[in-house]
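The chain contents come next:
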Amino acid sequence: MRHIISILIENEAGALSRVAGLFSARGYNIESLTVAATEDASLSRMTIVTTGTDRVIEQITKQLNKLIDVVKLLELTDGPHIEREMLLLKVAVTTEDSQQQLRRLLEVFEGHLIDHTSMTMTIQLTQTGEQIDSFIAALTDYEILETVRSGVSGIARGDKYLKI
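Residues numbered from 1 in each chain as written. Predicted model: local features only at pLDDT ≥ 70, side-chain atom pairs only at ≥ 80, totals over all residues. Heavy atoms only, no water.

K.L.:
Please clarify how the overall build of the protein chain should be interpreted in this entry.
P.N.:
Looking only at helices and strands, one finds four helices and nine strands in the protein chain. Across the protein chain, helices and strands are ordered from the amino to the carboxyl terminus as β-α-β-β-α-β-β-α-β-β-α-β-β. Residue burial in the protein chain is summarised as follows: out of 164 residues, 39% are buried. The contacts of the protein chain with a sequence gap of at least 6 include a subset with a gap of at least 24, amounting to 74%. Summed over all atoms, the accessible surface of the protein chain reaches about 9300 Å², with 50% contributed by carbon and sulfur. The positive charge centre, built from 16 side chains, and the negative charge centre, built from 23, are 7 Å apart in the protein chain. (Helix = DSSP H or I, 4+ residues; strand = E, 2+ residues; numbered from the N terminus. Buried < 20%, exposed > 50% of the residue type's maximum accessible area, 1.4 Å probe, protein only. Contact = heavy atoms within 4.5 Å. Areas by Shrake-Rupley, 256 points an atom, 1.4 Å probe, with all protein chains shown as cover. Lys, Arg positive; Asp, Glu negative; His and termini not counted. Charge placed at Lys NZ, Arg CZ, Asp CG, Glu CD.)

K.L.:
Looking at this structure, how should I read a nonpolar patch on the surface?
P.N.:
A surface patch of nonpolar side chains, amounting to about 290 Å² of accessible area, comprises Met86, Leu88, Ile114 and Val148. Within the fold, Ile114 resides in strand β6 (residues 112-116). Residue class for Ile114 comes out partly exposed when judged on its relative accessible area of 44%. (Patch = residues over 30% accessible without salt bridge, like charges linked within 9 Å, V, L, I, M, F, W, Y side chains within 5 Å. Salt bridge = Lys/Arg side-chain N within 4 Å of Asp/Glu carboxyl O.)

K.L.:
Before we go on, may I ask you to explain the pairing of strand β3 (residues 43-51) in this structure?
P.N.:
A regular strand carries its side chains on alternate faces of the sheet. Of all nine residues that make up β3, seven are buried, and the element is covered over most of its length. Judged from the nine bridges that link them, strand β1 (residues 2-10) and β3 form a sheet pairing that is antiparallel. Bridge pairing in β3 places Leu8 opposite Arg45. Relative to β3, strand β2 (residues 30-37) runs antiparallel, the two being bridged by seven bridges. Paired with Ser32 across the bridge in β3 is Val49. From the end of β2 to the start of β3, which pair antiparallel, there are five residues. (Pairing = 2+ DSSP bridges.)

K.L.:
I would appreciate a short explanation of the environment of Leu139 in the present structure.
P.N.:
With respect to the secondary-structure elements, Leu139 resides in the loop between α4 (129-137) and β8 (143-149). On the basis of relative accessible area, Leu139 is assigned to the buried category, the value being 3%. Between the C-alpha atom of Leu139 and that of Thr38, which follows or precedes it by 101 residues, the distance is 35 Å. Here Leu139 is in contact with Leu89, Val91, Leu102, Leu105 and Ile144, once residues within four sequence places are set aside.

K.L.:
Just checking my understanding: could you explain the pairing of strand β5 (residues 81-92) for this structure?
P.N.:
For β5 and strand β9 (residues 153-156), the ladder comprises four bridges, and the chain directions are antiparallel. Looking at the pairing, Glu83 lines up with Gly154 of β9. Summarising the sheet, β5 and strand β7 (residues 120-127) pair through eight bridges and their orientation is antiparallel. Its bridge partner being in β7, Met86 is matched across the sheet by Thr126. As paired elements, β5 and β8 share six bridges and run antiparallel to each other. Bridging across to β8, Leu87 finds its partner in Arg149.

K.L.:
Would you mind showing me how to read the pattern of salt bridges here?
P.N.:
A side chain of one charge can pair with a side chain of the opposite charge when the charged atoms of the two come close. Following the criterion strictly, the structure yields six salt bridges and no others. Here Arg2 makes a salt bridge to Glu83, at a shortest N to O gap of 2.7 Å. Taken together, the residues span a long stretch of sequence, with Arg2 in strand β1 and Glu83 in strand β5 at a distance of 81 residues. The salt bridge involving Arg18 is made with Asp69; its shortest N-O contact spans 2.4 Å. Pair noted here: Arg18 is in helix α1 (residues 15-25) and Asp69 is in the loop between α2 (54-66) and β4 (70-75), with a separation of 51 residues, a long-range link. Using a relative accessible area of 4% as the deciding quantity, one classes Asp69 as buried.

Written out as structure tokens, the structure reads:
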């Protein structure tokens with residue numbers, strides 16, 4: 001089963017390496033990893049997507065909580081949450097008709113055209129991973145030149161939040 005773990009971690013050198021090392025040392029896979037500073041400059045928020053049984057995830061969270069850099073941890077998939085991923089995608093466009101079709105597709109998926117040349121269009125789309133996969137699948141008539149995905153960012157819904 002897929003799990004999203006959100007971690008508040010000390011914003012210092014080596015913290016990310018220690019978390020990644022914990023996963024690799026135990027043979028756990030990280031499917032997605034995003035890290036950025038929070039409103040508190042001394043903390044970063046790390047969002048990890050991994051898979052495993054409930055027992056494996058419990059083991060991962062226990063091991064993560066033992067790391068000195070980890071301040072607080074929340075498994076987002078335990079409750080209602082919002083998750084998003086960002087896609088930057090460059091496609092080849094050769095005709096005015098293909099450009100118009102791509103613009104219509106962008107409207108359906110609520111994407112944005114962020115760069116346009118006579119030969120390419122670069123798109124930004126912020127949606128769930130499944131919606132991004134659907135968008136990419138809808139591009140069968142286009143040559144995809146480059147794809148960049150951010151990985152999952154997530155936040156709990158309602159009154160639940162990750163803060164010290």
